[in-house]
Amino acid sequence: MKISIVTVTWNSAATLRDTIESVLKQDYPNLEYIIADGLSKDETVNIIKEYEPKFNGRMKWFSEKDKGMYDAMNKGIKMATGDIVGIINSDDFFHCIDVISKVAETFKQDNSIEAVYGDVRFVNDGDLNKTVRYYSSKNFAPWRFRFGFMPAHPSFYTYKHNFEKYGYYQYDYKIAADYELLTRFLYSHNLKAKYMPLDFMKMRTGGRSTANWKSNWILNKEIIRACRENGIWTCMPLLGLKYFVKVFELFITKE
């Protein structure tokens, strides 16, 4: 089983080495790595070129103008030749070296599984070994989309043919195209997904969806749109409930 991992970059030089190194160290041999760069102006492309030979032909990359992060993701997924596809952001990195091996094993154990997801840790740049928030997907169920909850997107792996059959990321979303895609796959099309009790990766805090109150407002408006487009009714007061859970997660900082 071949697994493709896609990273989107744009002026990502400050964090990209950690991301690439964590992919390079994965112990699963049949792995393909794709980097979709949006014409970075910093050292991003030079870093990509530096690491390319170390993958011994398992890396593909391009640098060209795109219509945003989700458009670049789509390009990377379409380029992928793997059976399974997953995303790792350019400021995230795998928690351990056997994440992809465990993903492959889970798919192999049950041919009826169409997707998997698991847990992630949030860390600060000052101390990448200290977890400041633990995001567990253990209790996720499709009905929770109504309340603004979804599985941790960086832990979501599915067959490439599901993108071809059910569609790619809608790049006219500014922040929540990942939410819309998971809603479409797991709710509208009811793909059989399995939770893996596994820490997939560490994510640096300060992403676009949590940058400030304006970002949160845009995020929630797009979540309402995503739910509406996939046959789920929700509203701002219901989405507000998720912030109480996020506060609770700050106290679950697994070592």
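- The name recorded for the protein chain in an unreviewed UniProt entry is Glycosyltransferase, from Bacteroides difficilis.

1. What to know about helix H4 (residues 99-109)
Moving on, step 1. For H4, the full list of buried residues reads Val99, Ile100, Val103, Ala104, Thr106 and Phe107. Looking straight down H4, one finds that the buried residues subtend no more than 160° of arc, so they occupy a single side.

2. Digging into helix H2 (residues 44-51)
Moving on, step 1. Where H2 is concerned, the buried positions are Thr44, Val45, Ile47, Ile48 and Tyr51. Along H2, the residues classed as buried sweep out an arc of 160° about the axis, all on the same side.
Moving on, step 2. The inward-facing, buried residues of H2 abut strand S1 (3-9), helix H1 (13-24), strand S2 (31-37) and strand S3 (59-63).

3. Here we look at the pattern of salt bridges
Moving on, step 1. Applying the stated rule across the entire model yields 12 salt bridges.
Moving on, step 2. Close ionic contact of Arg17 with Glu50 constitutes a salt bridge, the shortest N to O distance being 2.9 Å. With Arg17 in helix H1 and Glu50 in helix H2, this residue pair connects regions lying 33 residues apart in the sequence.
Moving on, step 3. The partner of Arg225 in a salt bridge is Asp172, with the nearest N and O atoms 2.8 Å apart. Of this pair, Arg225 sits in helix H7 (residues 213-229) while Asp172 sits in the loop between helix H5 (160-166) and helix H6 (177-188); the two residues are 53 residues apart in sequence, bridging distant segments of the chain.
Moving on, step 4. Looking at Asp172, the relative accessible area reads 48%, which means it is partly exposed.
Moving on, step 5. Within the structure, one salt-bridge network assembled from shared partners comprises Lys2, Glu32 and Lys60.

4. Observations concerning the pairing of S2
Moving on, step 1. Of all the 7 residues making up S2, 7 are buried; the element is thus mostly covered by neighbouring parts of the structure.
Moving on, step 2. Residues Leu31, Tyr33, Ile35 and Asp37 of S2 are buried on one face, and the alternating residues Glu32, Ile34 and Ala36, pointing to the opposite face, are buried as well.
Moving on, step 3. In terms of strand pairing, S1 meets S2 through 7 bridges, oriented parallel. The residue of S2 that forms the bridge with Ile5 is Tyr33.
Moving on, step 4. Traced from S1 through H1 to S2, the parallel crossover comes out right-handed.
Moving on, step 5. By the bridge criterion, 5 bridges tie S2 to S3 in an arrangement that is parallel. From the neighbouring strand, Ile35 faces S3, where its bridge partner is Trp61.
Moving on, step 6. Handedness of the S2-H2-S3 crossover: right-handed.

Procedures and definitions
- Residues numbered from 1 in each chain as written.
- Predicted model: local features only at pLDDT ≥ 70, side-chain atom pairs only at ≥ 80, totals over all residues.
- Heavy atoms only, no water.
- Buried < 20%, exposed > 50% of the residue type's maximum accessible area, 1.4 Å probe, protein only.
- Helix = DSSP H or I, 4+ residues; strand = E, 2+ residues; numbered from the N terminus.
- Arc of directions from axis to C-beta.
- Contact = heavy atoms within 4.5 Å.
- Salt bridge = Lys/Arg side-chain N within 4 Å of Asp/Glu carboxyl O.
- Pairing = 2+ DSSP bridges.
- Right-handed = clockwise from strand over helix to strand, strands pointing away.

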